[in-house]
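# Summary of structural features
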Amino acid sequence: MQDKKIFKPRPVSGFPEWLPEVRIVEQQWLDHIRRVFESYGFCSVETPSIEELEVLHAKGEVDKEIYVLERLHKEEGDKEARLALHFDQTVPLARYVAQHWDKLVFPFKRYQMQRVWRGERPQAGRFREFTQCDIDVINNDTLPLHFDAEMPAIIWEVLNGLPGMEKQRIQIRISNRTILINLFEALGFTDIPAALRIIDKKDKISEFDVKAQLKAQAGMTDEHWKLFSNLLLHQRSSLTTSLFVALEQLEGWAAQSDPLIKSKDALLKMRKGVEDLDSVLTQIKNSLPHNSISVDAIVMDLGIVRGLDYY
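Residues numbered from 1 in each chain as written. Predicted model: local features only at pLDDT ≥ 70, side-chain atom pairs only at ≥ 80, totals over all residues. Heavy atoms only, no water.

## Side note on the overall build of the protein
Counting secondary structure elements, the protein contains 10 helices and eight strands. Relative to its 311 residues, the protein shows a buried fraction of 38%. Summarising the internal contacts of the protein: among those between residues at least 6 apart in sequence, 69% fall at separations of at least 24. Summing over all exposed atoms, the protein offers an accessible surface of approximately 19300 Å²; the carbon and sulfur share of this is 52%. (Helix = DSSP H or I, 4+ residues; strand = E, 2+ residues; numbered from the N terminus. Buried < 20%, exposed > 50% of the residue type's maximum accessible area, 1.4 Å probe, protein only. Contact = heavy atoms within 4.5 Å. Areas by Shrake-Rupley, 256 points an atom, 1.4 Å probe, with all protein chains shown as cover.)

Written out as structure tokens, the structure reads:
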């Protein structure tokens, strides 16, 4: 008799497999999310699970996240993998829009709810395979500001209405990176990208470390720190009044040729950023049902400055 090889079933790390009671909840969540997306006029599209490897490389340094696809028995002449599983929906969307540009109606509002795959170390809340529920609006040239208000409203409505989340406190924090970028430029910071990276991790490091790193890496002075430490590190508010007050103070210094202000043009751009943020916050509050939203459900947090170079 031939020896029989016994295979003992075991899970593959980072690739979840739900039992029926969990799968039911997942389906309820996905159905709710889909209803909200469609109620705002988003249409569903689906792209292949795979993309050409050179398309996925458009993001930049993402090799460690990509799962490539190869046939077990390669064709003669095949030397390298040409296809890979997509690690998000943004790169496929960019390819999709570029390929079908002349057939789409703009502004193009689409949603995708598909599996994605990332080759990273599994840990709590982080898997190698998961479902991403994604919405985007794409337009020719410029995008009206009301879409910036619509996105957070959709996020709040999705999270607030998820089955089983009725008693959870949902808060959406909103920022406008142009405010800090132009503030740092007006003050003459030597390395603005470094300053943004430091501010982005302010909730993970101490205030002392934030100050020390800004001084060491971005050229911040003690005078700068006095000017905006409270604005950057402590304020989470539904009002932008204090931003306008701080801006008027800066503009007053610029008018007096104060040496602390290095660029008056940057202050003008900063004012536009504050006005846009104020408009977005106002539109969000006017669009959400006031009988079911708390005062601090939608707040501004200037510390949210994650990089957008990818997009």
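## Observations concerning the sheet that holds strand S4 (residues 83–85)
If you trace the three strands from one edge of the open sheet to the other, you get S2-S4-S3, paired in antiparallel fashion. Looking at strand neighbours, the two that pair on one side only are strand S2 (50–52) and strand S3 (68–69), the edges of this open sheet. Across three bridges, S2 lies against S4 in antiparallel orientation. Across the sheet, Glu-51 pairs through a bridge with Ala-84, a residue of S4. (Pairing = 2+ DSSP bridges.)

## A short note on the sheet that holds strand S6 (residues 129–138)
Spatially, S1-S5-S6 is the arrangement adopted by the three strands of the open sheet, whose pairing is mixed. Among the strands making up the open sheet, the edge pair consists of strand S1 (43–44) and S6. Across the sheet, helix H3 (residues 90–100) touches strand S5 (108–117) and S6, and the angle it forms with S5 is around 135°. (Axes fitted to C-alpha atoms, helices over the stretch in contact; angles between N-to-C directions.)

## Thoughts on helix H10 (residues 264–287)
An α-helix turns once every 3.6 residues. As a result, residues three or four positions apart point the same way. Along its 24 residues, H10 runs 35 Å from first to last C-alpha, staying within 8% of the 34 Å computed at 1.5 Å per residue. When we look at burial in H10, the residues that qualify are Ala-266, Leu-267, Met-270, Gly-273, Val-274, Asp-276, Leu-277, Val-280, Leu-281 and Ile-284. Buried residues along H10 sit against helix H4 (146–160), strand S7 (172–174), helix H5 (177–186), helix H9 (241–255) and strand S8 (298–300). Sitting at the head of H10, Ser-263 places a side-chain oxygen 3.1 Å from the backbone nitrogen of Ala-266. (Expected span 1.5 Å × (residues − 1). Polar contact = N/O pair within 3.5 Å; in protein donor to acceptor, adjacent residues only side chain to side chain.)

## So, the nonpolar core
Counting residues in each nonpolar core, the largest one holds 42 residues, and the members touching the most others are Phe-184, Phe-189, Leu-214, Leu-277 and Ile-298. Per-element tally for this core: the top contributor is H10, with eight residues. Leu-30, Phe-42, Val-137 and Val-158 belong to the second-largest nonpolar core, a separate cluster that totals 13 residues. (Core = buried A, V, L, I, M, F, W, Y, C linked by side-chain atoms within 4.5 Å.)

## Some details on the layout of surface pockets
Leftover empty space is mapped by rolling, across the atoms, a probe with the size of a water molecule. Reported here for the second largest pocket is a volume of approximately 670 Å³. The wall of the second largest pocket is formed by 19 residues, among which Glu-26, Trp-29, Phe-130, Thr-131 and Gln-132 lie closest to the centre. Take the lining of the second largest pocket: its biggest share by element is six residues, from helix H1 (residues 20–39). Looking at the lining of the second largest pocket residue by residue, the classes come out as 10 nonpolar, three polar and six charged. (1 Å grid on protein atoms, 1.4 Å probe; cavity = no way out; pocket = protein on both sides within 12 Å on 5 of 7 lines; lining within 4 Å. Points joined across faces, edges and corners; volume = space filled by probe spheres on them. Nonpolar A, V, L, I, M, F, W, Y, C, P; charged D, E, K, R; others polar.)

## Details of a nonpolar patch on the surface
A surface patch of nonpolar side chains, about 250 Å² in accessible area, is lined by Trp-18, Val-22 and Phe-127. Relative to the helices and strands, Trp-18 resides in the segment before H1. (Patch = residues over 30% accessible without salt bridge, like charges linked within 9 Å, V, L, I, M, F, W, Y side chains within 5 Å. Salt bridge = Lys/Arg side-chain N within 4 Å of Asp/Glu carboxyl O.)

## Looking at the pattern of salt bridges
The tally for this structure, following the rule as stated, stands at 16 salt bridges. For Lys-215, the salt bridge identified is with Asp-222, shortest N-O distance 3.1 Å. Lys-215 gets classed as partly exposed once you look at its relative accessible area, which sits at 38%. The salt bridge partner of Glu-275 is Arg-271, with a shortest N-O separation of 3.9 Å. With Glu-275 and Arg-271 both in helix H10 and four residues apart, this pair spans about one turn of that helix. Since its relative accessible area comes to 21%, Arg-271 is described here as partly exposed. Several salt bridges converge on common partners, so that one network encompasses Arg-173, Lys-202, Asp-203 and Asp-301.

## Focus on unusual backbone geometry
Cis geometry is found at the peptide bond from Phe-106 to Pro-107, where omega equals 0°. Residue position: Pro-107 is located in the loop between H3 and S5. In this structure, Asp-141 takes a positive phi of about 65° despite not being glycine. For Asp-141, the position within the fold is in the loop between S6 and H4. When its relative accessible area of 83% is taken as the criterion, Asp-141 is described as exposed. Positive phi, close to 60°, is recorded for Ser-257, a residue that is not glycine.

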